[in-house]
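If you want the building blocks of each chain, they are given just below.
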Number of protein chains: 2
Amino acid sequence: MKLFDTKLAPNARRVRIFLAEKGISVPLEPVDLMKLEQRSEDFTSLNPDQKVPVLALDDGTILSESVAICRYFEEIQPEPALFGRGALGRAQVEMWQRRLELELFFPIMETVRNGHPAWAVLESPQLADHAAKMRQRVLDVLPRLDRDLADREFAAGDAFSIADITGLCALDFMRIPRIRIPDELVHLKRWHAALSERPSATA
Amino acid sequence: MKLFDTKLAPNARRVRIFLAEKGISVPLEPVDLMKLEQRSEDFTSLNPDQKVPVLALDDGTILSESVAICRYFEEIQPEPALFGRGALGRAQVEMWQRRLELELFFPIMETVRNGHPAWAVLESPQLADHAAKMRQRVLDVLPRLDRDLADREFAAGDAFSIADITGLCALDFMRIPRIRIPDELVHLKRWHAALSERPSATA
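What counts, and where the lines are drawn
- Residues numbered from 1 in each chain as written.
- Chains lettered and ligands numbered in written order.
- Predicted model: local features only at pLDDT ≥ 70, side-chain atom pairs only at ≥ 80, totals over all residues.
- Heavy atoms only, no water.
- Domains from an automatic or database assignment.
- Buried area = accessible area lost by both parts, 1.4 Å probe.
- Salt bridge = Lys/Arg side-chain N within 4 Å of Asp/Glu carboxyl O.
- Polar contact = N/O pair within 3.5 Å; in protein donor to acceptor, adjacent residues only side chain to side chain.
- Helix = DSSP H or I, 4+ residues; strand = E, 2+ residues; numbered from the N terminus.
- Contact = heavy atoms within 4.5 Å.

## Some words on the domain arrangement of chain A
Residues and elements named next belong to chain A. Per the domain assignment, the segments of chain A are domain 1 (2–76) and domain 2 (86–202). The contact between domain 1 and domain 2 buries some 1,600 Å² in all, and 63% of this surface belongs to carbon and sulfur atoms. Of the charged contacts, one joins Arg 13 and Asp 172 as a salt bridge, the two residues approaching to 2.8 Å between their closest N and O atoms. Seen at the junction of domain 1 and domain 2, the total is seven residue pairs in polar contact (both at pLDDT 80 or more). Taken together, the elements giving at least two residues each to the side of domain 1 that touches domain 2 come down to α1 (10–22) and α3 (66–76). Ranked by residues supplied to the side of domain 1 that touches domain 2, first place goes to α1 with eight residues.

Below, the structure written as structure tokens:
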């Protein structure tokens with residue numbers, strides 16, 4: 001088994017943190033996105049979608065999409081459960097995972113892809129007005145997330161889950177478009193600090 | 001239990017089709033998005049996120065996000081399995097579900113939200129250049145999906161899954177931005193026709 005990985009993309013970091021929380025070690029194969037290695041003939045024949053991360057199983061099966069890769073490891077090693085426990089618990093992790101993706105992670109990615117000069121090689125055309133709209137969407141959602149986190153320790157409730165990993169990777173990636181968590185959002189800052197202190201955060 | 005629903009949004013249709021495939025009946029409560037009922041005081045106190053669909057459980061618990069609602073029903077009634085079977089099967093459904101969302105469903109939604117006059121009340125500002133870019137992204141992905149479907153019956157393999165529901169709702173929603181499946185994409189057309197003939201398609 002081998003995980004094609006990049007230090008550049010927060011999606012790849014989600015998988016590394018997930019594996020660290022599970023205590024699973026998988027050999028990493030770096031792919032240099034800025035050198036467009038993901039568009040090389042070799043990599044394209046592996047993953048026609050040209051996206052990283054990708055998990056290659058020993059029988060040649062390929063899994064792309066960071067959350068699908070995490071789901072695979074959750075299924076083969078259920079503990080610690082990072083997709084929730086019980087019907088309602090699993091649904092709530094799915095809900096918060098998706099809310100954090102749709103309302104935070106994706107708008108941050110769109111801000112970077114459409115607004116950062118280094119991404120011009122990857123995103124064409126870059127649309128400055130869309131980047132500005134997405135940046136505003138991020139700024140608008142942060143206070144809502146702060147309120148959501150006021151009465152609980154983690155994104156989906158009392159237990160750490162993949163939704164927290166998505167949130168951490170999103171918030172940390174805000175440094176690229178230079179968005180800071182406002183000081184008055186104390187619950188959001190507490191959550192971010194707690195996640196950052198976990199050993200998995202350095203994965 | 002009650003499902004707040006709308007005929008307008010393909011995300012709400014995903015849940016109705018999922019329930020029909022499971023043979024589960026849930027009372028529906030219509031929400032008129034164009035009258036902005038989702039922003040009313042009543043609805044906002046139910047779901048501060050102001051999004052539809054929302055599932056209200058009998059104990060007052062609220063679940064938003066269409067896939068989270070589907071996940072809840074998968075957990076309480078596992079058969080027929082619509083999120084896949086076994087570790088690899090579940091990961092592959094997750095992968096195709098996400099690819100169909102990220103590469104097809106979301107770009108179609110963005111084309112409509114940013115390009116259709118009726119959505120001006122919901123999406124502000126509407127960005128015509130972003131709509132055009134997303135329309136092109138949809139046109140580019142259709143031939144890729146056609147190739148993916150050449151060697152299998154359903155999106156994630158031999159079994160019908162939630163990924164197919166996502167695909168059907170996406171393709172049908174293309175009528176709003178007037179995107180048609182090109183006639184030469186015979187595998188995509190075969191897949192779409194087969195999904196459309198299932199009784200659940202009318203849900």
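## Let's talk about the interface of chain A and chain B
In this complex, chain A contributes 39 residues to the contact, which on the side of chain B involves 39 residues. Taken together, the two surfaces of chain A and chain B that pack against each other cover about 3,400 Å², and 57% of this comes from carbon and sulfur. On the surface where chain A and chain B come into contact, there are 16 salt bridges. A salt bridge links A:Glu75 to B:Arg90; its shortest N-O distance comes to 2.8 Å.

## Some remarks on the environment of A:Lys7
Note that A:Lys7 resides in the loop between β1 (2–5) and α1. Once the C-alpha coordinates of A:Lys7 and A:Leu33 are considered, the two residues, 26 residues apart in sequence, prove to be 9.3 Å apart.

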